[in-house]
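# Observations on chain architecture
So you can see what is in the structure, the chains are spelled out below.
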Amino acid sequence: MKALVALILLVQLPIHKAVPAAPPAPLGCDDPESEAAAEVAVSYINGHSHHGYKFALNRIENIRVLPQGPNNDIMFLELDLLETTCHILSPTPLANCTVRSFTQHAVEGDCDVKLQKLDGKFSVLASKCHSHADSSEDVVQLCPDCPLLASLNNTDVLTTVTAALNDHNRKTADAYLKLLEIGRAKIQYHPVHIVSVEFAVAATNCSAEEAKVNVEACQLLPDDRSNFGFCTATMVTQPSQDLRVDCQLYGHQPGVTYSQPGQDTSAGLVPSVVQGFTNHNLRLSHNNPVASESSSSEFPTSMLSAKSVAKRAVANVAQHDKVPRPVGFVPPPPPPPPCPGKIRHFKI
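Residues numbered from 1 in each chain as written. Predicted model: local features only at pLDDT ≥ 70, side-chain atom pairs only at ≥ 80, totals over all residues. Heavy atoms only, no water.

Going by an unreviewed UniProt entry, the protein carries the name Alpha 2-HS glycoprotein and comes from Buteo japonicus. Check the Subcellular location (unreviewed entry) section of the UniProt entry for the protein; it says "Secreted". (UniProt positions renumbered as here; feature names shortened; annotations may be inferred.)

In structure tokens, the structure reads:
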């Protein structure tokens, strides 16, 4: 009889069904894994850029992860970058490069990057970037007296670069330098007329003295002996004329080359100068030929919307708020949305 009662009680016990495991939380833009992926992406972008300046991460706008299998994910990143003061040929590590301030007429880069994370290691599969200078109106509104970026083919700019390079070559006892590209230029009109320029240079196989005899014979050094450098110059033309030039050579850097656009380097008329741009556009579109991931390197037509993520987060908080609370209960603030991430420098 006792056995029968025990059997009846056992049958009446509730059956607990296995609760499926909750899906993993979406990766946030400020998560350590996202930041590690962004660091690899920025390094790749700077390593494949051939003109202008190095860019630093300002914000991770979005991230999307597509699992491919065990320890194998495809990641899509949307990044906001800011131009630094380090030319792309500079050996200075990015961590030591200064981001140009807003009042220096900042340049922003927007990049989409596709990566693979395989067995914990990131590799870039493809990247697409472009850059643009902040609007002059925004700079003037914050700093009415700050000089703005000038077109690289501006007559005053070209005159200043030519005068600066000639001045350096006339005074130096070292190698004769040729112009590679003009990087940036700004013109201040009041209260004095000041033209400020930055430009990349390279050493030739001539000394400055030899160039005085036959400058046409002076050629850039071959890749295995190349020596790149960078110059800054300021010319005051009114009320009195004054020219200040500072040029520094980096020394030979194995593996570092400069992509010649086919112009006469003594004139420095790179394509962007001819077209009158104010900055070198980070027009980078690159597929990694050695990537191990075999599927298409195309970017998805629609990335995960940061706004939709934020809306879901708010909706979840609102749903929780419907639960009865004790009198006087103060609900905690809603959690921040996973994306976009924090701004590291400033927003353009």
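With that settled, consider the state of the cysteines. Applying the stated criterion to the full structure yields six disulfides. The side chain of C29 participates in a disulfide bridge whose partner is C339; the two sulfur atoms lie 2.0 Å from each other. Disulfide C29-C339: torsion about the S-S bond near 100 degrees, hence right-handed. With C29 in the loop between α1 (2-12) and α2 (32-47) and C339 in the segment after α7 (306-320), this pair connects stretches of sequence that are 310 residues apart. (Disulfide = S-S within 2.5 Å. Helix = DSSP H or I, 4+ residues; strand = E, 2+ residues; numbered from the N terminus.)

The side chains of a regular strand alternate, residue by residue, between the two faces of the sheet. Burial of strand β3 (residues 107-118) is extensive: nine of the twelve residues sit out of reach of the surface. Pairing of strand β2 (residues 72-87) with β3, which is carried by eleven bridges, proceeds in the antiparallel orientation. Paired with L82 across the two strands is E108, which belongs to β3. Alignment of β3 against strand β4 (residues 121-133), held across twelve bridges, turns out to be antiparallel. Residue pairing for β4: L115 is matched across the bridge by V124. As consecutive antiparallel partners, β3 and β4 are separated by two residues, and within that stretch D119 has a phi angle of approximately 55 degrees, a positive value. (Buried < 20%, exposed > 50% of the residue type's maximum accessible area, 1.4 Å probe, protein only. Pairing = 2+ DSSP bridges.)

Further remarks concern the sheet that holds strand β8 (residues 228-238). Pairing in this open sheet of five strands is antiparallel, and the strands run β5-β6-β7-β8-β9 from one edge to the other. The outermost strands of the open sheet, each flanked by one partner alone, are β5 (148-149) and β9 (242-251). Alignment of β5 against strand β6 (residues 175-188), held across two bridges, turns out to be antiparallel. For L148, the partnering residue across the bridge sits in β6 and is I187. Seen against the sheet, helix α4 (residues 155-171) touches β6, β7 (193-207), β8 and β9 and runs at an angle of roughly 145 degrees to β6. (Contact = heavy atoms within 4.5 Å. Axes fitted to C-alpha atoms, helices over the stretch in contact; angles between N-to-C directions.)

This paragraph deals with the environment of T84. Looking at where T84 falls in the secondary structure, it is placed in strand β2. Classification of T84 by relative accessible area gives buried; the value is 0%. Note: C-alpha distance between T84 and A106 (22 residues apart in sequence) is 8.8 Å. The residues contacting T84, other than those within four sequence positions of it, are Y53, K54, F55, A56, L94, C97, T98, V99 and R100. Among the polar contacts listed, one links the side chain of T84 to the backbone oxygen of K54, at a separation of 2.9 Å. (Polar contact = N/O pair within 3.5 Å; in protein donor to acceptor, adjacent residues only side chain to side chain.)

For the α-helix, the turn length of 3.6 residues means that residues three or four positions removed from each other point alike. With 17 residues, α4 extends 24 Å between its outermost C-alpha atoms, agreeing within 8% with the 24 Å of an ideal straight helix rising 1.5 Å per residue. Buried residues of α4: V157, T160, V161, A164, L165, D167, H168 and N169, and no others. On the buried face of α4, the contacting elements are β6, β7, α5 (208-213), β8 and β9. Between the side-chain oxygen of the N-cap and the backbone nitrogen of D156 there are 2.7 Å, and the N-cap of α4 in question is N154. (Expected span 1.5 Å × (residues − 1).)

To continue, consider α2. The terminal C-alpha atoms of α2, which comprises 16 residues, lie 23 Å apart, in line with the 22 Å expected from a rise of 1.5 Å per residue. Buried residues of α2: S34, A37, A38, A41, V42, Y44, I45 and N46, and no others.

A word on the nonpolar core. In terms of nonpolar packing, the biggest core is built from 25 residues, with L77, L79, L81, C111 and V113 touching the most fellow members. The set of elements that each furnish at least two residues to this core consists of α2, β1 (53-69), β2, β3 and β4. Here the element with the most residues in this core is α2; it accounts for six residues. Membership of the second largest hydrophobic core comes to 20 residues, among which are L152, A164, F199 and A233. (Core = buried A, V, L, I, M, F, W, Y, C linked by side-chain atoms within 4.5 Å.)

The next thing to look at is the packing of aromatic side chains. According to the stated counting rule, one finds two aromatic pairs in the structure shown. Ring plane angle 85 degrees and centroid distance 6.2 Å describe the contact between Y53 and F230, whose orientation is recorded as edge-to-face. Of the two residues, Y53 is situated in strand β1 and F230 in strand β8; the sequence distance between them amounts to 177 residues. Neither Y53 nor F230 differs from the other in exposure class; each is buried. For the pair F102 and F346, a centre-to-centre distance of 6.1 Å together with 90 degrees between the ring planes defines the contact as edge-to-face. (Phe/Tyr/Trp six-rings, centres within 6.5 Å; stacked < 30°, edge-to-face > 60°.)

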